Amino acid sequence: MTKTATTTATPAQDAGRAPVVSFQGVSKSYGAVRAVADLHLELHPGETVALLGPNGAGKSSTLDLLLGLRTPDTGSVSLFGTTPQRAIQLGRVGAMLQSGGLMEGVKVRELVQLARDLHPQGYPVDQILASAGITDIADRVVGKLSGGQEQRVRFALATAGANDLIVLDEPTTGMDVSSRQTFWGAMRRQAQEGRTVLFATHYLEEADEIADRVIVLHRGRVLADGTSAEIKARAGARRITFDLDELADRGALEALPHLTSLTVSNSGSAGGTARTVRIQSQDADATVHALYGLGLYPRNLEVSGLGLEQAFIAITTAEEAAR
(Lines give C-alpha, C1' and ligand atoms only; values in the text may rest on other atoms or scores of the structure.)
Protein backbone atom coordinates (compact mmCIF):
# COMPACT_ATOMS: atom_id res chain seq x y z
CA MET A 1 0.00 0.00 0.00
CA THR A 2 1.23 3.49 -0.78
CA LYS A 3 0.03 6.72 0.70
CA THR A 4 -1.86 9.00 -1.67
CA ALA A 5 -1.90 12.73 -1.07
CA THR A 6 -5.30 14.22 -0.33
CA THR A 7 -6.80 17.05 -2.32
CA THR A 8 -8.52 20.29 -1.39
CA ALA A 9 -12.13 20.29 -0.25
CA THR A 10 -14.91 19.71 -2.78
CA PRO A 11 -17.84 22.10 -3.19
CA ALA A 12 -19.89 19.75 -1.02
CA GLN A 13 -17.70 20.71 1.92
CA ASP A 14 -17.44 23.92 3.87
CA ALA A 15 -15.42 26.66 2.24
CA GLY A 16 -11.92 27.44 3.45
CA ARG A 17 -10.40 25.48 6.31
CA ALA A 18 -13.27 25.60 8.79
CA PRO A 19 -12.97 22.50 10.96
CA VAL A 20 -14.97 19.42 10.04
CA VAL A 21 -14.70 18.20 13.66
CA SER A 22 -14.12 20.32 16.74
CA PHE A 23 -13.63 19.12 20.32
CA GLN A 24 -13.36 22.02 22.75
CA GLY A 25 -12.42 21.11 26.33
CA VAL A 26 -14.34 17.83 26.20
CA SER A 27 -14.34 15.49 29.20
CA LYS A 28 -16.25 12.27 29.79
CA SER A 29 -16.23 9.99 32.83
CA TYR A 30 -17.83 6.65 33.59
CA GLY A 31 -18.06 6.50 37.34
CA ALA A 32 -14.53 6.91 38.68
CA VAL A 33 -12.96 6.31 35.25
CA ARG A 34 -12.17 9.43 33.26
CA ALA A 35 -12.18 8.26 29.64
CA VAL A 36 -11.71 11.66 27.99
CA ALA A 37 -9.95 14.50 29.78
CA ASP A 38 -10.22 18.12 28.57
CA LEU A 39 -9.76 17.08 24.94
CA HIS A 40 -9.05 19.78 22.36
CA LEU A 41 -9.00 18.52 18.79
CA GLU A 42 -9.84 19.71 15.28
CA LEU A 43 -10.03 17.87 11.95
CA HIS A 44 -10.12 19.66 8.61
CA PRO A 45 -11.46 18.93 5.11
CA GLY A 46 -9.53 16.36 3.10
CA GLU A 47 -7.45 14.94 5.93
CA THR A 48 -6.90 11.22 6.44
CA VAL A 49 -6.33 10.85 10.18
CA ALA A 50 -5.31 7.79 12.19
CA LEU A 51 -6.37 7.68 15.83
CA LEU A 52 -3.98 5.59 17.91
CA GLY A 53 -3.67 4.76 21.58
CA PRO A 54 -3.17 1.86 23.98
CA ASN A 55 -6.19 0.05 25.40
CA GLY A 56 -8.05 2.44 27.69
CA ALA A 57 -6.65 5.54 25.96
CA GLY A 58 -10.12 6.88 25.18
CA LYS A 59 -10.35 6.12 21.45
CA SER A 60 -13.79 4.49 21.53
CA SER A 61 -15.18 7.12 23.88
CA THR A 62 -13.86 9.86 21.61
CA LEU A 63 -15.57 8.30 18.59
CA ASP A 64 -18.80 7.84 20.56
CA LEU A 65 -18.75 11.53 21.49
CA LEU A 66 -17.96 12.53 17.89
CA LEU A 67 -20.94 10.53 16.60
CA GLY A 68 -23.32 11.84 19.25
CA LEU A 69 -23.69 8.40 20.86
CA ARG A 70 -22.49 9.88 24.16
CA THR A 71 -22.88 13.35 25.66
CA PRO A 72 -19.81 15.08 27.11
CA ASP A 73 -19.78 15.93 30.81
CA THR A 74 -18.04 19.20 29.98
CA GLY A 75 -17.02 20.98 26.79
CA SER A 76 -18.55 20.79 23.33
CA VAL A 77 -18.35 18.64 20.20
CA SER A 78 -19.37 20.03 16.81
CA LEU A 79 -19.35 18.65 13.27
CA PHE A 80 -19.49 21.12 10.38
CA GLY A 81 -20.44 23.85 12.83
CA THR A 82 -23.47 22.02 14.20
CA THR A 83 -24.26 19.16 16.58
CA PRO A 84 -23.20 15.61 15.71
CA GLN A 85 -26.85 14.53 15.59
CA ARG A 86 -27.76 17.28 13.10
CA ALA A 87 -24.72 16.59 10.90
CA ILE A 88 -25.69 12.91 10.74
CA GLN A 89 -29.32 13.78 9.91
CA LEU A 90 -28.05 15.91 7.01
CA GLY A 91 -26.13 12.93 5.62
CA ARG A 92 -22.71 14.46 6.12
CA VAL A 93 -21.29 11.61 8.26
CA GLY A 94 -20.79 7.92 7.55
CA ALA A 95 -19.62 5.58 10.32
CA MET A 96 -18.27 2.05 10.42
CA LEU A 97 -18.20 0.65 13.94
CA GLN A 98 -16.55 -2.56 15.14
CA SER A 99 -19.70 -4.55 15.75
CA GLY A 100 -23.45 -4.40 15.55
CA GLY A 101 -25.52 -2.57 13.00
CA LEU A 102 -26.28 -5.59 10.78
CA MET A 103 -29.63 -7.35 10.39
CA GLU A 104 -28.77 -11.02 10.08
CA GLY A 105 -31.95 -12.27 8.38
CA VAL A 106 -31.77 -10.11 5.24
CA LYS A 107 -29.63 -10.29 2.12
CA VAL A 108 -26.62 -8.03 1.68
CA ARG A 109 -28.20 -6.19 -1.26
CA GLU A 110 -31.37 -5.53 0.75
CA LEU A 111 -29.39 -4.07 3.64
CA VAL A 112 -27.35 -1.87 1.32
CA GLN A 113 -30.56 -0.76 -0.44
CA LEU A 114 -32.01 0.28 2.93
CA ALA A 115 -28.90 2.32 3.81
CA ARG A 116 -28.98 3.94 0.38
CA ASP A 117 -32.67 4.83 0.69
CA LEU A 118 -32.16 6.39 4.13
CA HIS A 119 -29.28 8.60 2.96
CA PRO A 120 -30.20 12.07 1.63
CA GLN A 121 -27.61 11.68 -1.16
CA GLY A 122 -27.47 7.92 -1.66
CA TYR A 123 -25.40 6.32 -4.41
CA PRO A 124 -26.74 3.63 -6.77
CA VAL A 125 -26.78 0.25 -5.03
CA ASP A 126 -24.56 -1.46 -7.60
CA GLN A 127 -21.99 1.31 -7.20
CA ILE A 128 -21.97 0.87 -3.42
CA LEU A 129 -21.55 -2.89 -3.72
CA ALA A 130 -18.70 -2.55 -6.21
CA SER A 131 -16.87 0.10 -4.20
CA ALA A 132 -16.96 -2.09 -1.08
CA GLY A 133 -15.94 -5.21 -3.04
CA ILE A 134 -19.07 -7.16 -2.09
CA THR A 135 -20.86 -7.56 -5.43
CA ASP A 136 -20.13 -11.29 -5.32
CA ILE A 137 -21.91 -11.73 -1.98
CA ALA A 138 -24.83 -9.36 -2.66
CA ASP A 139 -27.39 -12.19 -2.59
CA ARG A 140 -26.07 -13.89 0.56
CA VAL A 141 -27.89 -13.67 3.87
CA VAL A 142 -26.00 -11.38 6.25
CA GLY A 143 -26.07 -13.92 9.06
CA LYS A 144 -24.05 -16.38 6.92
CA LEU A 145 -21.11 -14.05 6.27
CA SER A 146 -17.58 -14.40 7.60
CA GLY A 147 -16.11 -11.77 9.89
CA GLY A 148 -14.16 -10.13 7.08
CA GLN A 149 -17.22 -10.08 4.82
CA GLU A 150 -19.26 -8.46 7.59
CA GLN A 151 -16.63 -5.73 7.85
CA ARG A 152 -16.90 -5.04 4.13
CA VAL A 153 -20.68 -4.82 4.44
CA ARG A 154 -20.28 -2.32 7.29
CA PHE A 155 -17.99 -0.31 5.03
CA ALA A 156 -20.67 -0.34 2.31
CA LEU A 157 -23.24 0.99 4.78
CA ALA A 158 -20.84 3.74 5.92
CA THR A 159 -20.28 4.88 2.33
CA ALA A 160 -23.79 4.42 0.94
CA GLY A 161 -24.06 8.14 0.21
CA ALA A 162 -22.06 11.31 -0.36
CA ASN A 163 -20.68 11.83 3.16
CA ASP A 164 -18.18 14.58 3.93
CA LEU A 165 -16.76 12.75 6.98
CA ILE A 166 -16.16 9.01 7.25
CA VAL A 167 -15.45 7.55 10.71
CA LEU A 168 -13.99 4.03 10.93
CA ASP A 169 -13.39 2.06 14.13
CA GLU A 170 -10.91 -0.81 13.59
CA PRO A 171 -12.19 -1.15 10.00
CA THR A 172 -9.99 -4.00 8.73
CA THR A 173 -10.35 -6.38 11.69
CA GLY A 174 -11.00 -9.86 10.29
CA MET A 175 -10.10 -8.95 6.71
CA ASP A 176 -7.50 -10.88 4.76
CA VAL A 177 -4.62 -9.10 3.02
CA SER A 178 -6.41 -8.79 -0.32
CA SER A 179 -9.56 -7.37 1.30
CA ARG A 180 -7.50 -4.88 3.30
CA GLN A 181 -5.81 -3.63 0.13
CA THR A 182 -9.16 -3.25 -1.61
CA PHE A 183 -10.59 -1.46 1.40
CA TRP A 184 -7.77 1.09 1.66
CA GLY A 185 -7.89 1.65 -2.09
CA ALA A 186 -11.51 2.68 -1.68
CA MET A 187 -10.58 4.91 1.27
CA ARG A 188 -7.87 6.63 -0.77
CA ARG A 189 -10.46 7.44 -3.42
CA GLN A 190 -12.70 8.95 -0.75
CA ALA A 191 -9.82 11.16 0.44
CA GLN A 192 -8.94 12.18 -3.11
CA GLU A 193 -12.49 13.47 -3.49
CA GLY A 194 -11.88 15.82 -0.56
CA ARG A 195 -13.62 13.88 2.19
CA THR A 196 -12.21 13.66 5.70
CA VAL A 197 -11.42 10.13 6.85
CA LEU A 198 -10.85 9.35 10.54
CA PHE A 199 -9.94 5.80 11.52
CA ALA A 200 -8.94 4.11 14.75
CA THR A 201 -6.71 1.07 14.32
CA HIS A 202 -4.40 -1.34 16.12
CA TYR A 203 -2.62 -2.05 12.82
CA LEU A 204 0.05 0.61 13.08
CA GLU A 205 1.46 -0.21 9.65
CA GLU A 206 -1.88 0.96 8.24
CA ALA A 207 -1.57 4.28 10.04
CA ASP A 208 2.00 4.63 8.76
CA GLU A 209 1.07 3.89 5.15
CA ILE A 210 -2.37 5.47 4.85
CA ALA A 211 -2.71 8.46 7.18
CA ASP A 212 -1.33 11.91 6.47
CA ARG A 213 -1.91 12.79 10.14
CA VAL A 214 -1.52 10.61 13.24
CA ILE A 215 -3.08 11.43 16.62
CA VAL A 216 -1.94 9.47 19.67
CA LEU A 217 -4.34 9.45 22.61
CA HIS A 218 -3.26 8.56 26.14
CA ARG A 219 -5.51 8.68 29.20
CA GLY A 220 -8.07 10.68 27.23
CA ARG A 221 -5.67 13.40 26.09
CA VAL A 222 -3.75 14.07 22.89
CA LEU A 223 -0.21 12.89 23.55
CA ALA A 224 1.14 13.42 20.03
CA ASP A 225 -0.28 14.93 16.84
CA GLY A 226 1.53 15.16 13.51
CA THR A 227 2.63 13.27 10.43
CA SER A 228 3.93 9.74 10.80
CA ALA A 229 7.46 11.06 10.27
CA GLU A 230 6.99 13.68 12.99
CA ILE A 231 5.71 11.07 15.45
CA LYS A 232 8.74 8.88 14.74
CA ALA A 233 11.10 11.84 15.18
CA ARG A 234 9.48 12.78 18.47
CA ALA A 235 10.32 9.35 19.88
CA GLY A 236 13.97 10.32 19.51
CA ALA A 237 15.42 6.82 19.75
CA ARG A 238 17.06 4.94 16.88
CA ARG A 239 17.35 1.22 16.31
CA ILE A 240 20.73 -0.58 16.21
CA THR A 241 20.93 -4.18 15.00
CA PHE A 242 24.01 -6.40 14.68
CA ASP A 243 25.29 -9.96 15.00
CA LEU A 244 27.93 -11.24 17.42
CA ASP A 245 29.76 -14.53 16.99
CA GLU A 246 29.92 -14.86 20.77
CA LEU A 247 28.37 -13.04 23.70
CA ALA A 248 30.19 -13.72 26.93
CA ASP A 249 28.84 -10.80 28.96
CA ARG A 250 25.32 -9.49 28.35
CA GLY A 251 25.83 -7.08 31.24
CA ALA A 252 28.42 -5.19 29.21
CA LEU A 253 25.80 -4.54 26.52
CA GLU A 254 23.22 -3.48 29.10
CA ALA A 255 25.74 -0.90 30.39
CA LEU A 256 26.11 0.78 26.99
CA PRO A 257 25.19 4.48 27.15
CA HIS A 258 21.79 5.87 26.08
CA LEU A 259 20.06 2.47 25.82
CA THR A 260 16.28 2.38 26.10
CA SER A 261 15.86 -1.33 25.25
CA LEU A 262 17.96 -4.41 24.49
CA THR A 263 17.02 -7.82 23.13
CA VAL A 264 19.35 -10.74 22.28
CA SER A 265 18.32 -13.78 20.28
CA ASN A 266 19.96 -16.75 18.57
CA SER A 267 20.98 -15.89 15.03
CA GLY A 268 20.61 -19.44 13.79
CA SER A 269 24.26 -19.73 12.82
CA ALA A 270 26.10 -23.04 13.07
CA GLY A 271 27.46 -23.86 16.48
CA GLY A 272 24.64 -22.10 18.32
CA THR A 273 26.81 -19.38 19.93
CA ALA A 274 26.13 -16.52 17.52
CA ARG A 275 23.62 -13.92 18.66
CA THR A 276 21.56 -11.15 17.04
CA VAL A 277 21.38 -8.03 19.17
CA ARG A 278 18.68 -5.36 18.81
CA ILE A 279 19.09 -2.08 20.66
CA GLN A 280 17.11 1.13 20.92
CA SER A 281 19.23 4.14 21.80
CA GLN A 282 18.65 7.82 22.37
CA ASP A 283 22.12 8.56 20.94
CA ALA A 284 23.05 5.90 18.37
CA ASP A 285 26.47 7.41 17.59
CA ALA A 286 27.57 7.31 21.23
CA THR A 287 26.18 3.81 21.71
CA VAL A 288 27.98 2.41 18.65
CA HIS A 289 31.23 4.14 19.68
CA ALA A 290 30.99 2.56 23.14
CA LEU A 291 30.15 -0.81 21.57
CA TYR A 292 33.46 -0.89 19.69
CA GLY A 293 35.15 0.29 22.87
CA LEU A 294 34.15 -3.02 24.49
CA GLY A 295 36.41 -4.82 22.04
CA LEU A 296 33.47 -6.51 20.35
CA TYR A 297 33.27 -7.03 16.61
CA PRO A 298 29.66 -6.58 15.49
CA ARG A 299 28.74 -7.93 12.06
CA ASN A 300 25.93 -6.71 9.81
CA LEU A 301 25.63 -3.50 11.83
CA GLU A 302 22.56 -1.43 10.91
CA VAL A 303 21.34 1.84 12.40
CA SER A 304 17.83 2.99 11.44
CA GLY A 305 14.97 5.13 12.65
CA LEU A 306 12.12 3.61 14.62
CA GLY A 307 9.03 2.42 12.83
CA LEU A 308 5.72 3.96 13.86
CA GLU A 309 4.96 1.01 16.15
CA GLN A 310 8.25 1.35 18.03
CA ALA A 311 7.82 5.13 18.21
CA PHE A 312 4.29 4.71 19.55
CA ILE A 313 5.50 2.33 22.26
CA ALA A 314 8.40 4.63 23.16
CA ILE A 315 6.18 7.71 23.48
CA THR A 316 3.46 6.05 25.55
CA THR A 317 5.99 4.22 27.76
CA ALA A 318 7.82 7.48 28.45
CA GLU A 319 4.52 9.14 29.36
CA GLU A 320 3.68 6.38 31.82
CA ALA A 321 7.15 6.58 33.37
CA ALA A 322 6.75 10.31 33.88
CA ARG A 323 3.51 9.98 35.85
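Report on the accompanying structure. Note that this is a predicted model, so its numbers are computed, not measured.

What about the overall build of the protein?
Move 1: Scanning the protein from N- to C-terminus turns up eleven helices and 13 strands.
Move 2: The dimensions of the protein, computed from C-alpha atoms along their principal axes, are 75 × 45 × 40 Å.
Move 3: Looking at the protein as a whole, 45% of its 323 residues qualify as buried.
Move 4: For the protein, restricting intrachain contacts to residue pairs at least 6 apart in sequence, the fraction spanning at least 24 positions comes to 70%.
Move 5: Just so you have it, the protein exposes about 15,200 Å², and 49% of that area is on carbon and sulfur atoms.

Digging into helix 10 (residues 284-293)
Quick reminder: α-helices carry 3.6 residues per turn. Residues three or four places apart thus point the same way.
Move 1: For helix 10, the complete set of buried residues consists of Ala 284, Thr 287, Val 288 and Leu 291. The buried side chains of helix 10 occupy one side of the element, clustering within an arc of 95 degrees when seen end-on. Residues Asp 285, His 289 and Gly 293 are exposed on helix 10 and point more than 90 degrees away from its buried face.
Move 2: On the buried face of helix 10, the contacting elements are strand 10 (238-244), helix 9 (250-254), strand 11 (259-266), strand 12 (275-281) and strand 13 (299-305).
Move 3: Looking one or two places after helix 10, you find Gly 295, whose phi comes out positive at around 80 degrees.

Some words on the sheet that holds strand 10
Move 1: Spatially, the four strands line up as an open sheet ordered 11-12-10-13, and their pairing is antiparallel. Edge strands, defined here as strands with exactly one partner in the open sheet, are strand 11 and strand 13. Each adjacent strand pair in this sheet contributes to an overall mean axis angle of 15 degrees, direction not counted.
Move 2: Taken together, the five bridges between strand 10 and strand 13 define a ladder with antiparallel strand orientation. Within strand 13, the position partnered with Thr 241 by the bridge is Glu 302.
Move 3: Its contacts with the sheet place helix 10 against strand 10, strand 11, strand 12 and strand 13, and it is angled at close to 20 degrees to strand 10.

Definitions and limits used
Residues numbered from 1 in each chain as written. Predicted model: local features only at pLDDT ≥ 70, side-chain atom pairs only at ≥ 80, totals over all residues. Heavy atoms only, no water. Helix = DSSP H or I, 4+ residues; strand = E, 2+ residues; numbered from the N terminus. Buried < 20%, exposed > 50% of the residue type's maximum accessible area, 1.4 Å probe, protein only. Contact = heavy atoms within 4.5 Å. Areas by Shrake-Rupley, 256 points an atom, 1.4 Å probe, with all protein chains shown as cover. Arc of directions from axis to C-beta. Pairing = 2+ DSSP bridges. Axes fitted to C-alpha atoms, helices over the stretch in contact; angles between N-to-C directions.

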